[in-house]
Amino acid sequence: MNKEEHLRIDSWNNSIQAFGKSYIFSKRAQFYSNWNKFLTIMGIAVPLTIGATASGYGFDSEILKNTIAISIPLSIIQLIISAFALVNNWNDNLSYSLEAVNDYNSLSDGFKKLGKNPPENYNEFLRSFEILETKMASRSENDAKYNIKERELRKGMRYALREFQRKCIGCDKIPISIAPTDCEVCGNFKRSLIHKILFHG
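As the structure is a computational prediction, the values presented were derived from the model and not from experiment. (Residues numbered from 1 in each chain as written. Predicted model: local features only at pLDDT ≥ 70, side-chain atom pairs only at ≥ 80, totals over all residues. Heavy atoms only, no water.)

## Remarks on a nonpolar patch on the surface
- A cluster of nonpolar side chains, contributed by Phe84, Leu193, Ile194, Ile197, Leu198 and Phe199, occupies part of the molecular surface with about 590 Å² of accessible area.
- In terms of residue count, the dominant contributor to the nonpolar patch is helix H6 (residues 193-198) (4 residues).
- Mapping Ile194 onto the fold places it in helix H6. (Patch = residues over 30% accessible without salt bridge, like charges linked within 9 Å, V, L, I, M, F, W, Y side chains within 5 Å. Areas by Shrake-Rupley, 256 points an atom, 1.4 Å probe, with all protein chains shown as cover. Salt bridge = Lys/Arg side-chain N within 4 Å of Asp/Glu carboxyl O. Helix = DSSP H or I, 4+ residues; strand = E, 2+ residues; numbered from the N terminus.)

Here it is in structure tokens:
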């Protein structure tokens, strides 16, 4: 294998890795976005419901008392989740995740183009590859602050292998779905429903 072919293989491998990382952060962005929407809706819906009930049925109505009784535990839940979101910097995580999705998609496309149609001049090919690789290394260093779990990496790898129709080096299969398996490279990321609701990834 000559050096050009070796560089093409590395380009494809980096494209697959970047695509997997993009998927990881897209799922994180979806998680934080859904919770932010929930908190926003709760913050608006609860007081509006109480106000509308009071306006429609009067301040001394039994319906208003029942509405307030129901809204109290909902408000407590909202406050707990809001405090949890604040302590864990959910807004910051959402912003970073959206930024990472864009960067990794761009990196994946860039490496894919090099893998498909590399420059005829090897030095130009190498220079383009190193520029993308430096950007990817920088992004990966920033990712370290956001604690990507092994489970997320396996899920991202499975998604990328399915997209690129490549065999997994662990199970030697091309994934046909995103469903979890026992493979320690592209599987083993199954979670309970409660865990999916409360934690990203």
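Next comes the rest of the description.
## Points about the packing of helix H1 (residues 3-57) against helix H4 (residues 122-143)
- The N-to-C vectors of H1 and H4 enclose an angle of 30°; their axes lie 11 Å apart at closest approach. The angle between the axes of H1 and H4 places the two elements in the roughly parallel class. When the axes of H1 and H4 are compared, the crossing they make is left-handed. Where H1 abuts H4, its residues Lys3, Glu4, Leu7, Arg8, Asp10, Ser11, Asn14, Gln17, Ala18, Lys21 and Phe25 lie against Tyr122, Phe125, Leu126, Phe129, Glu133, Met136, Ser140 and Asp143. (Axes fitted to C-alpha atoms, helices over the stretch in contact; angles between N-to-C directions. Parallel < 35°, antiparallel > 145°, perpendicular 65-115°, else oblique. Left-handed = near helix turned anticlockwise from the far one by under 90°. Contact = heavy atoms within 4.5 Å.)

## As for empty space enclosed by the protein
- By the definition in use, this model includes 1 cavity of 30 Å³ or more.
- If you trace the largest cavity, you find it lined by Tyr23, Ile24, Lys27, Glu152, Lys155 and Gly201.
- Contributions of two or more residues to the lining of the largest cavity are made by H1 and helix H5 (150-164).
- Looking at the lining of the largest cavity, the element that brings in the most residues is H1, giving 3 residues.
- Among the residues forming the lining of the largest cavity, the class breakdown is 2 nonpolar, 1 polar and 3 charged. (1 Å grid on protein atoms, 1.4 Å probe; cavity = no way out; pocket = protein on both sides within 12 Å on 5 of 7 lines; lining within 4 Å. Points joined across faces, edges and corners; volume = space filled by probe spheres on them. Nonpolar A, V, L, I, M, F, W, Y, C, P; charged D, E, K, R; others polar.)

## Some thoughts on the layout of surface pockets
- One number sums up the size of the largest pocket: a volume of about 380 Å³.
- Lining the largest pocket are 17 residues, with Lys27, Phe31, Arg191, Lys196 and Phe199 positioned closest to its centre.
- Every element with two or more residues in the lining of the largest pocket is listed here: H1 and H6.
- By residue class, the composition of the lining of the largest pocket is 8 nonpolar, 4 polar and 5 charged.
- The space that makes up the second largest pocket amounts to roughly 270 Å³.
- Elements with a contribution of two residues or more to the lining of the second largest pocket: H1, H4 and H5.
- Partitioned by chemical class, the residues of the lining of the second largest pocket number 7 nonpolar, 5 polar and 5 charged.

## Focus: H4
- For H4, built from 22 residues, the straight-helix expectation of 32 Å at 1.5 Å per residue is met to within 8% by its first-to-last C-alpha distance of 31 Å.
- All of the buried residues in H4 are Tyr122, Phe125, Phe129, Leu132, Met136, Arg139 and Asp143. Projected down its long axis, H4 carries its buried residues within an arc of 125°, all on one side. Structural note: H4 exposes Asn123, Thr134, Lys135 and Glu141 on the side pointing more than 90 degrees away from its buried face.
- In this fold, the buried residues of H4 make contact with H1 and helix H3 (90-116).
- Two or three places before Asn123, at the start of H4, stands the capping residue Asn121, its side-chain oxygen 3.0 Å from that residue's backbone nitrogen. (Expected span 1.5 Å × (residues − 1). Buried < 20%, exposed > 50% of the residue type's maximum accessible area, 1.4 Å probe, protein only. Arc of directions from axis to C-beta. Polar contact = N/O pair within 3.5 Å; in protein donor to acceptor, adjacent residues only side chain to side chain.)

## So, the packing of aromatic side chains
- What the rule picks out here adds up to 14 aromatic pairs.
- Where Phe19 meets Tyr159, the ring centres are 5.7 Å apart and the plane angle is 5°; that geometry is what we call stacked. Residue Phe19 is found in helix H1, and its partner Tyr159 is found in helix H5; the two are separated by 140 residues along the sequence.
- Judged by centre distance (5.2 Å) and plane angle (80°), the ring pair of Phe31 and Tyr32 falls under edge-to-face. Grouping residues by exposure puts Phe31 and Tyr32 together as buried. (Phe/Tyr/Trp six-rings, centres within 6.5 Å; stacked < 30°, edge-to-face > 60°.)

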